[in-house]
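# Observations on the three-dimensional arrangement
Below, each chain spelled out in residue letters.
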Amino acid sequence: TRWQGWQMEQATLGAAQQVLLHAADTRRAWLRAVAAQQSLAAAERMYEAAAAGGELARRMARVGKFSKLEQAQPLRVQHEAAAQLARARLNAALEREQLARLMGLWGPQADFALPTALPPLPQADALRRGDDAEATALRERLDLRALRRDLDSTAERNGFARVGAVFGDIGASYSRNTATDRATRHDDVARGWELDIPLPLLDWGNAASGAARASLQRSAAQLRDTALRARSEARTGWLRYRTAWDLAHQQQTEVLPLAQFMQDEAVYRYNGMFISTWQLLDQARATAQAVATATDAQRDFWLAEVDLQLALTGTSPGASAAPANPAAAASAATPNEGH
């Protein structure tokens, strides 16, 4: 009964890992879909500026103010912006489909609304601390808890194998035999337990005991390897998380305000006839590109936050959603010596 309880706990922990992995994949898909939608809006603004420049170049060429070579440069910029816009539309559609697939939506259900912007960055004092990341991972990760339970059950099986090492494996089964008398057509039914006890003629249980010890060593090695990987993933996850926040915070507080200031100054100078239309359009494209870069940095931070949360409390961020519990699968594949 105790072993069955441990196996049930292992199965529960394995299922919880799969739930967390699927939730993390869905969260990543949501972040990418929202970021792709924001990047699409920035690409549309860049194309509008490039298209305005291309149209102006055509008109200037028609009235003889531009040569063919002077007209080619704005047209090249317009074609590049159009290609970038097409890629942004494709990426937004693909990310939305990926999100719908992970949420199990189809048909009219897939016509869901996404927010127009990613969540704002947290304040510096609200960030996760990195000094206790390793301890948190060793204490709360589900894969480590499942492997600890597997080691406990393996150690219990090893102890039972040592007790029964004199006779090796003892098998028990319940049988029901029916015998029919041809003359009287009377059925005799015999029921009862049967014991299969091998005699210790050549093997005194050494093979069963050795296999149990090997299974115990394997479980201990798996736990040790996973613990080392969990500590490393906690450290690297926090480093990515903190670096991603620094980069995104720089984009939000320094790069974007500077780009907006340059855009405003370009408009003022254009109105005062100090710069040309081409310079104004170039600055508009540069501002839209700065917005797209800041969006990517903000998305990368939230993706790093998802990976850190998974590394601290769930399982490896790079784990596959296919195997529920590798340790339990290995134990099930190996016969339980000593039962």
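Residues numbered from 1 in each chain as written. Predicted model: local features only at pLDDT ≥ 70, side-chain atom pairs only at ≥ 80, totals over all residues. Heavy atoms only, no water.

## Digging into the overall build of the protein
The condition that has to hold: Each helix is a run of DSSP H or I of at least 4 residues and each strand a run of E of at least 2, with the numbering of both proceeding from the N terminus. Think of it in three bands: with a 1.4 Å probe and only protein chains considered, a residue is buried below 20% of the maximum accessible area for its type, exposed above 50%, and partly exposed in between. Whether two residues are in contact is decided by their heavy atoms: any pair within 4.5 Å suffices.
Looking only at helices and strands, one finds 7 helices and 2 strands in the protein. When the helices and strands of the protein are placed in sequence order, the string is α-α-α-α-β-β-α-α-α. Within the protein, buried positions represent 35% of all 339 residues. Sequence separation of at least 24 residues holds for 80% of the intrachain contacts in the protein that already meet a minimum separation of 6.

## Observations regarding the pattern of salt bridges
Think of it this way: side chains of opposite charge can pair up when their charged atoms draw near. Using the following cut-off: Salt bridge, as applied in this entry: a Lys or Arg side-chain nitrogen positioned within 4 Å of an Asp or Glu carboxyl oxygen.
In this structure the tally under the stated criterion is 20 salt bridges. Where R149 meets E9, a salt bridge forms, and the shortest distance between an N and an O atom there is 3.1 Å. Here the residue R149 occupies a position in helix α4 (residues 142-163), and E9 occupies one in helix α1 (residues 2-62), the gap between them amounting to 140 residues. Relative accessible area serves as the criterion here: at 31%, E9 is assigned to the partly exposed category.

## Some thoughts on the nonpolar core
For clarity, the cut-off: Only buried residues count toward a nonpolar core. Its members are Ala, Val, Leu, Ile, Met, Phe, Trp, Tyr and Cys residues joined through side-chain atoms within 4.5 Å.
With 31 residues, the main nonpolar core has L31, L99, L114, Y241, F301 and L312 as its most contacted residues. Elements with a minimum of two residues in this core: α1, α2 (68-103), α3 (133-140), α5 (206-271) and α6 (277-313). Ranked by residues supplied to this core, first place goes to α6 with 9 residues. Once residues within four sequence positions are removed from consideration, L31 is found in contact with L118, R299, W302, L303 and V306.

## Let's talk about the confidence of the model for the protein
Worth spelling out the cut-off: As a per-residue measure, pLDDT tells how confident the predictor is, with possible values from 0 to 100.
For the protein, the mean per-residue pLDDT works out to 82, and 82% of the residues sit at or above 70. Note that residues 161-168 has pLDDT below 50 and, in this model, 13 contacts with residues that lie over four places away or in other chains.

## Overview of a nonpolar patch on the surface
Just so we agree on the cut-off: Nonpolar side chains (Val, Leu, Ile, Met, Phe, Trp, Tyr) are joined into patches within 5 Å and like charges within 9 Å, using only residues with over 30% relative accessible area and no salt bridge. Method for areas: the Shrake-Rupley scheme with a 1.4 Å probe, in which residue coverage is limited to the protein chains shown.
Taken together, the side chains of L258, F261 and M262 define a hydrophobic patch exposed on the protein surface, amounting to about 310 Å² of accessible area. For L258, the location among the structural elements is in helix α5.

## Re the packing of aromatic side chains
Applied cut-off: We call Phe, Tyr and Trp rings a pair once their centres come within 6.5 Å, taking the six-membered ring for Trp, and we label the pair stacked below 30 degrees between planes, edge-to-face above 60, and tilted otherwise.
This model, assessed by the stated rule, comprises 3 aromatic pairs. With a centroid separation of 5.4 Å and 25° between ring planes, the pair formed by F66 and W278 is classed as stacked. On the criterion of sequence distance, the pair formed by F66 in the loop between α1 and α2 and W278 in helix α6 is long-range, its members being 212 residues apart. Relative to F301, the ring of Y241 has its centre 5.2 Å away and its plane inclined at 35°; by these criteria the two rings are tilted. Within this pair, whereas Y241 is found in helix α5, its partner F301 is found in helix α6, the two being separated by 60 residues in sequence. The two residues Y241 and F301 agree in class, both being buried.

## Some words on the layout of surface pockets
Here is the rule: Of the two site types, the cavity is a set of points on a 1 Å grid over the protein atoms alone where a 1.4 Å probe fits but cannot get out, and the pocket is an open set with protein on both sides within 12 Å along at least five of seven lines, each lined by residues with an atom within 4 Å of a point. Grid points are joined across faces, edges and corners, and a volume is the space filled by probe spheres set on the points. Residue classes follow a fixed rule: Ala, Val, Leu, Ile, Met, Phe, Trp, Tyr, Cys and Pro count as nonpolar, while Asp, Glu, Lys and Arg count as charged, and any other residue, Gly among them, counts as polar.
Taken as a whole, the second largest pocket encloses approximately 210 Å³ of empty space. Looking at the lining of the second largest pocket, the elements with two or more residues in it are α1, α2 and α6. Top element by residues in the lining of the second largest pocket is α1. It accounts for 6 residues. For the lining of the second largest pocket, the class distribution of residues is 6 nonpolar, 4 polar and 4 charged.

## Points about the side chain of Q10
Assignment of secondary structure puts Q10 in helix α1. Looking at Q10, the relative accessible area reads 4%, which means it is buried.

## A few points about the environment of V291
Tracing the sequence through the fold places V291 in helix α6. Among the residues examined, V291 registers a relative accessible area of 27% and is labelled partly exposed. With 248 residues separating them along the chain, V291 and A43 place their C-alpha atoms 9.7 Å apart. Every residue in contact with V291, bar those within four places of it in the chain, is listed here: R45 and L256.

## Focus on α2
So the rule is basically this: Given a helix with a known number of residues, its expected span is that number minus one, times 1.5 Å.
Here α2 is 36 residues long and its end C-alpha atoms lie 53 Å apart, about the 52 Å a rise of 1.5 Å per residue gives. Looking only at α2, the buried set comprises Q71, P74, L75, V77, Q78, A81, L85, A88, A92, E95, L99 and A100. Where α2 is buried, its residues contact α1 and α6. Looking one or two places after α2, you find G104, whose phi comes out positive at around 75°.

## Remarks on the environment of A220
Relative to the assigned elements, A220 resides in helix α5. Exposure remark for A220: the relative accessible area of 27% places this residue in the partly exposed category. C-alpha separation for the pair A220 and A155, spaced 65 residues apart in sequence, amounts to 9.6 Å.

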